[in-house]
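Fold and geometry: a report
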Amino acid sequence: MPNPKRRHSKSRSRKRRTHYKATAPNTGECPNCHEQKLTHRACPNCGYYDGRSIIIPKEA
Ligand SMILES: [Zn+2]
């Protein structure tokens, strides 16, 4: 099995990982209650998805 001859320095690994960035999740407006929600997820505010009530949201 091929193996690396020398270990990479911490600096080298960290320089490579400077390009790894977290991206903001996609949000959109709920067509039922017009709150911002994650796309392709049931709305946490009203519990609707695809025009139907999927979940009963927790009362505040
Ligand atoms: Zn909603």
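Residues numbered from 1 in each chain as written. Predicted model: local features only at pLDDT ≥ 70, side-chain atom pairs only at ≥ 80, totals over all residues. Heavy atoms only, no water.

A short note on the coordination of the zinc ion
Around the zinc ion, the protein contributes the donor atoms Cys30 (SG), Cys33 (SG), Cys43 (SG) and Cys46 (SG), at 2.2 to 2.3 Å from the metal centre. The site at the zinc ion holds 4 donor atoms, and with the angles between them running 108 to 115°, its shape is tetrahedral. In the primary sequence, the donor residues of the zinc ion line up as C-x2-C-x9-C-x2-C. Cysteine 30 gets classed as buried once you look at its relative accessible area, which sits at 1%. (Donors = N, O, S within 2.8 Å, 3.2 Å for Na, K, Ca; no water. Tetrahedral: all angles 85-135°; square planar, octahedral: opposite > 155°, others 65-115°. Buried < 20%, exposed > 50% of the residue type's maximum accessible area, 1.4 Å probe, protein only.)

Thoughts on a nonpolar patch on the surface
A surface patch of nonpolar side chains, amounting to about 250 Å² of accessible area, comprises Tyr49, Ile54 and Ile55. Examined against the element boundaries, tyrosine 49 turns out to sit in strand S3 (residues 48–49). (Patch = residues over 30% accessible without salt bridge, like charges linked within 9 Å, V, L, I, M, F, W, Y side chains within 5 Å. Areas by Shrake-Rupley, 256 points an atom, 1.4 Å probe, with all protein chains shown as cover. Salt bridge = Lys/Arg side-chain N within 4 Å of Asp/Glu carboxyl O. Helix = DSSP H or I, 4+ residues; strand = E, 2+ residues; numbered from the N terminus.)

Let's talk about a positive patch on the surface
A cluster of basic side chains, namely Arg7, Lys10, Arg12, Arg14, Arg16 and Arg17, defines a positive patch on the protein surface. Within the secondary structure layout, arginine 14 lies in helix H1 (residues 10–17). The class for arginine 14 is exposed, based on a relative accessible area of 55%. (Lys, Arg positive; Asp, Glu negative; His and termini not counted. Charge placed at Lys NZ, Arg CZ, Asp CG, Glu CD.)

Notes on the environment of serine 53
If you trace the backbone, serine 53 turns up in strand S4 (residues 52–53). Take serine 53: its relative accessible area is 43%, and that puts it in the partly exposed class. Separated by 28 residues in sequence, serine 53 and proline 25 have C-alpha atoms that sit 23 Å apart. For serine 53, the residues in contact, after removing those within four places along its chain, are Gly47 and Tyr48. (Contact = heavy atoms within 4.5 Å.)

What about the side chain of lysine 37?
Checked against the element boundaries, lysine 37 lands in strand S2 (residues 36–38). Salt bridges are absent for the buried lysine 37, whose nearest opposite-charge side chain, aspartate 50, sits at 9.8 Å. A polar contact of 2.9 Å, which involves the side chain of lysine 37, links it to the backbone oxygen of arginine 41. Excluding residues within four positions of it along the chain, lysine 37 makes contact with Asn26, Thr27, Gly28, Cys30, Cys43, Pro44 and Tyr49. (Polar contact = N/O pair within 3.5 Å; in protein donor to acceptor, adjacent residues only side chain to side chain.)

By themselves these figures say nothing about function.
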